[in-house]
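# A structural walkthrough
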Amino acid sequence: MDWKLRRFGQAAFTVWAVMTLAFFLTRMMPGNPVDAFVAQVGPQLDNPQEAYEMAEIYMNINPEAPMHVAYWNYMTSMAVGDMGQSMSQNAPVAQIMAEAIPWTLFVMSWAIFIGFAVGISLGALMAYWEGTKFDTVLTGYATIITSIPFYVLALLLLITFAYRLGWFPTSGRRPEGVTAGFNLPFIFGIIHHAALPVFSMFVASGVASLTMRGNSIRVLGEDYLRVARLRGLPDRTIAVRYIARNAILPMYTGLMIAIGSMFGGAVVLEEIFTYRGMGYYMIQAVRARDYPLMMGAFTIITIAVVIALLVADLTYGKIDPRAGNEGNDAF
Amino acid sequence: MTDDHTETRKRDDTNRMDELVPDDPRDRVAGETVRSDGGTVDSPFETTSSVEETRGDRLDRFLEGYARTPWSIMRQDWRALVGLSILGVYLLVATLGVYLVEPSHPADGPQLLGAFQNWEYPLGTTSSGRDVLADAVHSTPSILIMMASGALFTIGVGTAFGVVAGYKGGMVDTVLSTVTDVFINIPGLPLVIVLATLLSDWINNPVALGVLLAIAAWAGLARAIRSQVLTIRNESFIESARAIDLSTRWILTKEILPQLMPYIVVNMVNAARTIIFAAVALYFLGVLPYSDANWGVMLNTAYEAGALYRPEAYHWLLVPMVAISGIAVGLILLAQSLDRVFNPRARARHQGGEEEEPMEPETDDTTDVMQV
């Protein structure tokens with residue numbers, strides 16, 4: 001229980017740290033967005049004073065207020081979900097993000113799930129048939145797939161399956177002309193649009209399978225496995241309860257970090273597929289120098305990762321009974 | 001019976017050590033320390049090291065550990081050979097190739113010439129008439145510099161945070177681990193994009209960009225190293241170092257760091273790959289300011305020119321893709337073979353470079369100790 005509380009505290013601290021970083025970058029860096037905004041908008045207005053008010057509307061930061069007051073106001077408005085106003089999209093940042101979040105979560109959770117599931121199964125098979133031709137071929141395949149960046153795979157998939165073969169749509173996130181809701185054409189259309197982005201993240205399976213292969217081979221040589229065999233346990237129990245479990249647990253830290261980097265990869269992926277998720281809006285904001293939307297998207301993506309890692313950590317305690325007792329040493 | 005010398009015997013280079021000792025050191029001390037306790041010849045506390053290690057010996061041991069043995073293992077590993085040759089080709093391109101291939105400018109050649117059609121432009125030209133091969137070659141040096149600076153910064157910061165946090169423990173550990181955790185939770189690419197946008201004035205050279213990319217990459221390594229140090233710090237040799245009052249700095253750099261070296265080297269190679277992928281992604285997205293061509297910029301311009309649906313422009317897109325994947329293959333193969341180099345079993349087979357059995361005397365000694 002104490003460990004869970006600590007873990008929640010750590011997640012909250014991270015969110016606070018990211019918001020503070022966002023404030024620091026927007027307000028205190030030399031040549032920061034707030035000053036730039038005032039310098040740019042001010043001269044165009046009849047009353048230059050209005051620039052300060054506009055800055056506060058867009059970025060939640062009043063350039064005239066003392067730093068600690070500005071910080072307090074920024075943090076309190078973030079806390080109630082007010083992330084300012086987007087300049088390029090002409091809508092509140094919170095509204096744009098709320099509409100984009102589900103799409104990113106949908107694609108990335110499937111990508112992570114499929115990538116790891118395929119990687120771990122392949123790794124187990126490779127270890128099972130270690131030294132055979134099957135193992136050699138798959139190890140080679142995993143090495144090559146690991147060396148392809150996911151965005152290169154995304155471009156190749158896009159060229160082959162969308163532009164040349166026309167099996168999948170080239171861009172967008174939902175079918176046109178279909179009413180949104182819980183009906184079959186709509187659900188099918190969404191999956192159809194998400195398929196290529198999800199499979200672009202397939203490269204993650206390469207690393208996972210190579211690690212899984214190594215771990216499984218190591219476990220196969222352990223003494224307790226011989227004992228399990230001598231006890232006459234069925235092969236299935238040995239494979240799942242003994243080998244798989246002990247081979248997957250050490251990969252845990254790696255998988256956690258992969259979740260973070262895959263969510264980060266959404267930025268590139270959504271841009272390539274014009275998939276209007278959080279990452280897509282972030283890049284649009286960077287191109288338009290729309291700082292409120294950029295910082296808002298960054299904060300929200302980070303919070304999504306923090307929550308994903310928190311959930312992963314808490315469920316890990318259920319798989320590995322040692323995690324709860326050892327506290328934070330069980331990284 | 002020789003229990004007092006087991007420490008020296010246990011060294012890797014047992015055989016050579018024995019040859020270096022001209023006369024048995026026991027002869028010298030035998031007369032003074034014979035006790036009536038049944039045959040123990042001298043007190044184990046008086047003999048710290050029976051052999052002075054000269055500078056030459058130390059250099060020899062260093063070469064043995066870091067050059068000869070790794071080389072002898074890698075020579076027999078196709079992964080290492082292929083990986084090193086791939087990286088060597090990139091290095092050659094970055095140094096010699098830059099002088100051999102003229103830099104390209106817009107309207108140098110025909111527009112969108114395909115690859116392998118005109119030997120003046122072996123890999124074809126872009127829609128503005130730039131030579132694709134020249135662009136690819138001339139982006140290699142900056143990419144390699146970026147990779148090196150990023151990888152070094154990643155392992156530097158990651159190792160420093162991990163080792164200090166793991167060894168010191170307590171308050172220092174809490175603070176450093178909290179910082180590490182915050183950085184693990186922040187997704188790398190978005191953070192780098194935000195920083196690159198807001199600090200664009202300062203990121204005007206490959207070294208600075210490499211360091212910026214490393215900001216998002218060091219935390220995972222720091223966490224992994226911390227947990228390794230947690231196990232090492234309780235080993236007996238660290239405990240003895242603490243007991244004889246060696247400074248923390250000494251223990252960290254001379255006792256703990258060498259233990260972590262294999263792990264750090266392998267991770268440095270992996271970090272280099274991460275840095276390249278991230279750098280090219282950022283250039284591809286067009287969020288970094290750039291002055292000259294590089295693989296990411298080439299991808300970006302090709303994408304913007306509609307290369308995805310124009311088969312006549314495929315070569316323009318494929319060349320940078322192959323360049324990135326090629327160097328990544330080299331790095332992965334190198335990392336895999338380095339993993340083998342540091343594997344103690346493979347090491348033992350190759351130690352000394354001969355077919356002798358260095359494990360034998362050591363096992364004898366251990367059984368001796370057990371019996372005494």
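Residues numbered from 1 in each chain as written. Chains lettered and ligands numbered in written order. Predicted model: local features only at pLDDT ≥ 70, side-chain atom pairs only at ≥ 80, totals over all residues. Heavy atoms only, no water.

What follows covers the overall build of chain A. Scanning chain A from terminus to terminus reveals 15 helices and zero strands. Taken along its principal axes, the extent of the C-alpha atoms in chain A is 85 × 55 × 40 Å. Looking at chain A as a whole, 48% of its 331 residues qualify as buried. Partitioning the intrachain contacts of chain A with sequence separation of at least 6 by distance along the chain shows that 68% fall at a separation of at least 24. About 15900 Å² of surface is accessible on chain A, with carbon and sulfur atoms providing 64% of the total. For chain A, the distance from the average site of its 21 positive side-chain charges to the average site of its 22 negative ones is 15 Å. (Helix = DSSP H or I, 4+ residues; strand = E, 2+ residues; numbered from the N terminus. Buried < 20%, exposed > 50% of the residue type's maximum accessible area, 1.4 Å probe, protein only. Contact = heavy atoms within 4.5 Å. Areas by Shrake-Rupley, 256 points an atom, 1.4 Å probe, with all protein chains shown as cover. Lys, Arg positive; Asp, Glu negative; His and termini not counted. Charge placed at Lys NZ, Arg CZ, Asp CG, Glu CD.)

Take the packing of aromatic side chains next. Here the structure, examined in full by the defined rule, presents 15 aromatic pairs over all chains. With centroids separated by 5.4 Å and ring planes inclined at 50°, the aromatic side chains of A:Phe23 and A:Tyr74 adopt a geometry described as tilted. Linking A:Phe23 in helix H1 (residues 2-28) with A:Tyr74 in helix H4 (residues 67-79), this pair joins segments that are 51 residues apart in sequence. Summarising the burial analysis for this pair, A:Phe23 and A:Tyr74 share the class buried. An aromatic cluster is defined as three or more aromatic residues linked by ring pairs; in this entry it consists of A:Phe150, A:Tyr151, B:Phe284 and B:Tyr303. (Phe/Tyr/Trp six-rings, centres within 6.5 Å; stacked < 30°, edge-to-face > 60°.)

Let us look at the environment of B:Met298. All names here are of chain B. Looking at the secondary structure, you find Met298 in helix H13 (residues 295-304). Taking the C-alpha atoms as reference points, Met298 and Ala335, separated by 37 residues in sequence, lie 28 Å from one another. Once you skip the residues sitting within four places of it in the chain, Met298 turns out to touch Val132, Asp135, Ala136, Trp316, Val319 and Pro320.

To continue, consider the nonpolar core. When a protein is soluble and globular, its nonpolar side chains tend to lie buried together. A:Met97, A:Tyr151, A:Val268, A:Ile272, B:Ile193, B:Trp295 and B:Leu299 are the most contacted members of the largest nonpolar core, which has 171 residues in total. Summarising the domain contributions, this core has at least three residues from each of domain 1 (2-79) and domain 2 (93-319) of chain A. In contact with B:Ile193, not counting residues within four places along its chain, are A:Val267, A:Met282, A:Ile283, A:Val286, B:Leu282, B:Leu285 and B:Val287. Counting residues in hydrophobic clusters, the runner-up holds 14 residues, among them B:Val163, B:Tyr167, B:Leu221 and B:Ile238. (Core = buried A, V, L, I, M, F, W, Y, C linked by side-chain atoms within 4.5 Å. Domains from an automatic or database assignment.)

Residues and elements named next belong to chain A. By the definition in use, this model includes five salt bridges over all chains. The salt bridge partner of Asp313 is Arg7, with a shortest N-O separation of 2.2 Å. Separated by 306 residues along the polypeptide, Asp313 in helix H14 (residues 291-319) and Arg7 in helix H1 bring together distant segments of the chain. Both residues of the pair, Asp313 and Arg7, count as buried. Arg213 is the salt-bridge partner of Asp135, the closest N and O atoms lying 2.9 Å from each other. Here Asp135 is found in helix H6 (residues 133-146), whereas its partner Arg213 is found in helix H9 (residues 204-220), with 78 residues between them in sequence. (Salt bridge = Lys/Arg side-chain N within 4 Å of Asp/Glu carboxyl O.)

Low pLDDT marks regions whose predicted coordinates should not be analysed in detail. Residue and element names in this part refer to chain A. Chain-level pLDDT for chain A is 80 on average; 91% of the residues reach the 70-or-more range. Model confidence for chain A, summarised as mean pLDDT per element, is weakest for helix H15 (residues 322-326) at 52 and strongest for helix H13 (residues 278-287) at 88. Here residues 325-331 is modelled with pLDDT under 50, and outside its nearest four sequence neighbours on either side it reaches 13 contacts, counting other chains as well. (pLDDT = per-residue confidence, 0-100.)

What follows is about the domain arrangement of chain A. Residue and element names in this part refer to chain A. Domains assigned within chain A are domain 1 (2-79) and domain 2 (93-319). Of note, the centres of domain 1 and domain 2, computed from C-alpha atoms alone, are 34 Å apart. Taken together, the 17 residues of domain 1 in the interface contact 13 residues of domain 2. Here domain 1 meets domain 2 over a buried area of about 1300 Å², counting both sides, of which 84% is carbon and sulfur. Looking only at domain 1, the three residues that lose the most surface to domain 2 are Trp3, Arg7 and Val18, adding up to 35% of its buried area. (Buried area = accessible area lost by both parts, 1.4 Å probe.)

All right, on to the side chain of A:Asn215 then. Checked against the element boundaries, A:Asn215 lands in helix H9. Classification of A:Asn215 as buried rests on a relative accessible area of 12%.

Residue and element names in this part refer to chain A. When the UniProt feature table is mapped to this numbering, "transmembrane region" (unreviewed entry) covers residues 12-29, 107-129, 141-166, 186-208, 251-273 and 293-312. A distance of 33 Å separates the end C-alpha atoms of residues 186-208, which is 87% helix and 0% strand. This span, residues 293-312, is 100% helix and 0% strand, and a straight line between its end C-alpha atoms measures 28 Å. (UniProt positions renumbered as here; feature names shortened; annotations may be inferred.)

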